[in-house]
Amino acid sequence: MSYEMGEYDIAVIGAGHAGTEAALAAARLGMRTILFTLSLDTIANMPCNPSIGGTAKGHLVREIDALGGEMAKAADATFLQSRMLNMGKGPAVHSLRVQSDRRAYHAYMKSVLEHQENLWLKQDEVVAVTFDEDGKVNGVDTRLGAHYRVKAAIVCSGTYQRGVIHVGEISYPSGPDAVAPSVGLTDMLKERGITIRRFKTGTPCRLNRRSIDFSKLTVQEGDEPVVPFSFETKEPLSNKVVCYMGYTNAKTHEIIRQNLHRSPIYSGRIEAIGPRYCPSFEDKVVRFSDKPRHQLFLEPMGENTEEMYMQGMSSSLPEDVQLAFIRTIEGFEHAEIMRNAYAIEYDCCNPLELLPTLEFKTVSGLYGAGQFNGTSGYEEAAAQGLIAGINAARSIAGKKPLILDRASSYIGTLIDDLTVKGCSDPYRMMTSRSEYRLILRQDNADKRLTPLGHEIGLISDERFLCFEEKMRQIEEEIMRVERRTISPSEALNALLVSRGTSPISTGVRAADLIRRPQLSYEDVMSFDEEAPDLPRAVREEVGIEIKYAGYIQKQLAQVAEMRKLEARQLPAGTDYSTLAGLSLEAREKLQKIRPLNIGQASRISGVSPADVSVLLVWMQQKEGRHDSDK
């Protein structure tokens, strides 16, 4: 027996990191939004590593913030330790990462959702999406028999969709943290023609802090001063905890090898595809058999718990084997497991069936976001959720969709990779995936995306005025430094010689000194008595923009060429099987993926430069025919 439970604009299915951002974006854009979760106690849960950011992931968090999302603010409000990664490399790959208080992060996000206007929270399982006679989404049904009328639905089911936990020889239906799986949606999605795949991921065990000998581990301090994630965070932040680092050894690896037959990965009981870039520990031992040891990081789960997370030690081996190999590691001889490691299989869609808006190509009003789209990671999920929420809201409002390209953001790169290239295993964002990473730095995410966030309606006028002031300061300081001459001095030349660069005998432009590889903006400004007192973020961006100006201009030229191809829209409904000159593979791929423009077509695996040339000639001929018809 079913019953009516009201009318909303958008239903968001799942309240993980994708679902929270999707729901907040939709509600903030004026849509009556209902957010469904299997448990109110797992909103924005971190079932794996309780951390936010990392290589390329930190870029995503900054971009989410620049567009008006919530993840960065939550990370700043609840972090335990902050570190800037890859500081020994160039600024393109500098990435912020924080260790978060898991429960505090959940509580923060739950409170934000509860107090958001136009947003309703509901603990219930959505088992079906319903459609009108035209095939457009018109509602959702829950396990309790309720029907909610909606105009759009966003699936953010994460790893809960027909989730199965594997620990050694034991397997059982479950989502993360012993929450029941979602089982109702898969059949309905298949009935609508959506391809469903099985992926796998996993997590390490959690240890009791009191059972660890920290004297045998290397202390890993946080960075000071702490750099915030959110461009809105102004108050100083401080690290609260330290983390630790240790190493496995030959005995550890031997126990793993002796028990591979008990691993569901190697016994064949897990058939799903696991993440290439975050393998289980037993995979590491097998794939990198020549390595005498592997690094591990021990990180706290929160301020008010004794649970410690073993980063780098994901496993699906039986609990007794987990305990045995952990106790071979120095410092862990008496370790006690509080939560065992496990692998989890789950259902996800094929993202090639999604538009760049994250709406399904064949199902109007149905969107996907997060791990349901084949990705891994909280940050990737949140980014997709934000875009799906924005586009669902804009579609209902009759507005143009938000589509970010590869040169605008890592978010654009992520979605383009998913919807054009697809993924054969759980997708993880990395800086190497972007061909424009020098202009897609985490420091300039606000410059790239905040005007767009303001235009959309997620960035307030007050915040936008602060952003404009920051941009003014950057522009004025770059102009000043380009004109400013630094005179030689004994102290300056001593610094130059100590850094391995030539001293100066006459005045030199400050900008030219900054462009020397051995020097930074801060180095040079210490000899400039006219240097203004500017915020850290302004100084950082000024230094990068000056030092890498030539490289940035080259990359901007590449972007201009790419956008020319993106502007060449391919006609909807084109029958690529009839186009002469295309390779057989190109015809098949183009017919299946149906790219929106030449730029997208050029990035499809199996579409060669020769195929792109064929498409360009065909379009020119087609446009010529249209012109002659006028």
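Residues numbered from 1 in each chain as written. Predicted model: local features only at pLDDT ≥ 70, side-chain atom pairs only at ≥ 80, totals over all residues. Heavy atoms only, no water.

Caption draft 1: Region of interest: the side chain of asparagine 49. With respect to the helices and strands, the residue asparagine 49 is situated in the loop between strand 3 (33-37) and strand 4 (51-53). By relative accessible area, which is 10% here, asparagine 49 ends up buried. Beyond its immediate chain neighbours, meaning those up to four positions away, asparagine 49 contacts Arg97, Gln99, Glu299, Tyr309, Gln311 and Tyr378. (Helix = DSSP H or I, 4+ residues; strand = E, 2+ residues; numbered from the N terminus. Buried < 20%, exposed > 50% of the residue type's maximum accessible area, 1.4 Å probe, protein only. Contact = heavy atoms within 4.5 Å.)

Caption draft 2: Examining the sheet that holds strand 21 (residues 342-349) more closely. Overall, antiparallel pairing links the 4 strands, which are arranged 13-12-21-14 in an open sheet. The open sheet has two edge strands, strand 13 (170-173) and strand 14 (196-203), and neither has a second partner. When strand polarity is set aside, the average angle formed by the axes of neighbouring strands in this sheet is 25°. The sheet contact formed by strand 12 (residues 164-167) and strand 13 spans 4 bridges and is antiparallel. Counted as the bridge partner of isoleucine 165 is tyrosine 172 from strand 13. (Pairing = 2+ DSSP bridges. Axes fitted to C-alpha atoms, helices over the stretch in contact; angles between N-to-C directions.)

Caption draft 3: Expanded view of the pattern of salt bridges. The final tally for this structure, using the stated rule, is 52 salt bridges. The salt bridge involving lysine 447 is made with glutamate 545; its shortest N-O contact spans 4.0 Å. Separated by 98 residues along the polypeptide, lysine 447 in helix 12 (residues 445-456) and glutamate 545 in helix 17 (residues 536-547) bring together distant segments of the chain. If you follow the salt bridges from partner to partner, you end up with Arg406, Asp416, Asp417, Lys421, Glu435, Glu566 and Arg603 in one network. (Salt bridge = Lys/Arg side-chain N within 4 Å of Asp/Glu carboxyl O.)

Caption draft 4: How the structure looks around the nonpolar core. Ranked by size, the top nonpolar core spans 109 residues in total, and within it Ile10, Ile52, Val129, Val140, Ile154, Leu366 and Ile411 carry the most contacts. A per-element tally of this core places helix 10 (residues 378-396) first, with 10 residues. Sequence-distant contacts of isoleucine 411, defined by excluding residues within four places in its chain, comprise Leu60, Glu63, Ile64, Leu67, Ala383, Ile387 and Leu404. (Core = buried A, V, L, I, M, F, W, Y, C linked by side-chain atoms within 4.5 Å.)

Caption draft 5: The arrangement of helix 1 (residues 17-28) in detail. Counted at 1.5 Å a residue, the expected span for helix 1 with its 12 residues is 16 Å, and the 17 Å between its end C-alpha atoms agrees. Counting buried positions over the 12 residues of helix 1 gives 11, a clear majority of the element. When we look at burial in helix 1, the residues that qualify are His17, Ala18, Gly19, Thr20, Glu21, Ala22, Ala23, Leu24, Ala25, Ala26 and Ala27. Once helix 1 ends, the next one or two residues include glycine 30, with phi positive near 95°. (Expected span 1.5 Å × (residues − 1).)

Caption draft 6: Quick look at the packing of aromatic side chains. Taken as a whole and assessed by the stated rule, the structure comprises 7 aromatic pairs. Centre to centre, the rings of tyrosine 8 and tyrosine 148 are 6.2 Å apart; their planes meet at 45°, and the pair counts as tilted. Of this pair, tyrosine 8 sits in the loop between strand 1 (3-7) and strand 2 (10-13) while tyrosine 148 sits in strand 10 (residues 146-149), placing them 140 residues apart in sequence. Both residues of the pair, tyrosine 8 and tyrosine 148, count as buried. Taking the centre distance of 5.6 Å and the plane angle of 40° together, the rings of phenylalanine 281 and phenylalanine 325 count as tilted. On the criterion of sequence distance, the pair formed by phenylalanine 281 in helix 8 (residues 281-287) and phenylalanine 325 in helix 9 (residues 319-326) is long-range, its members being 44 residues apart. Judged by relative accessible area, phenylalanine 325 falls into the buried class, the value being 1%. We note arginine 293 situated over the ring of tyrosine 247; from NZ or CZ to the ring centre the distance is 3.5 Å. (Phe/Tyr/Trp six-rings, centres within 6.5 Å; stacked < 30°, edge-to-face > 60°. Lys NZ or Arg CZ within 6 Å of the ring centre and 35° of its normal.)

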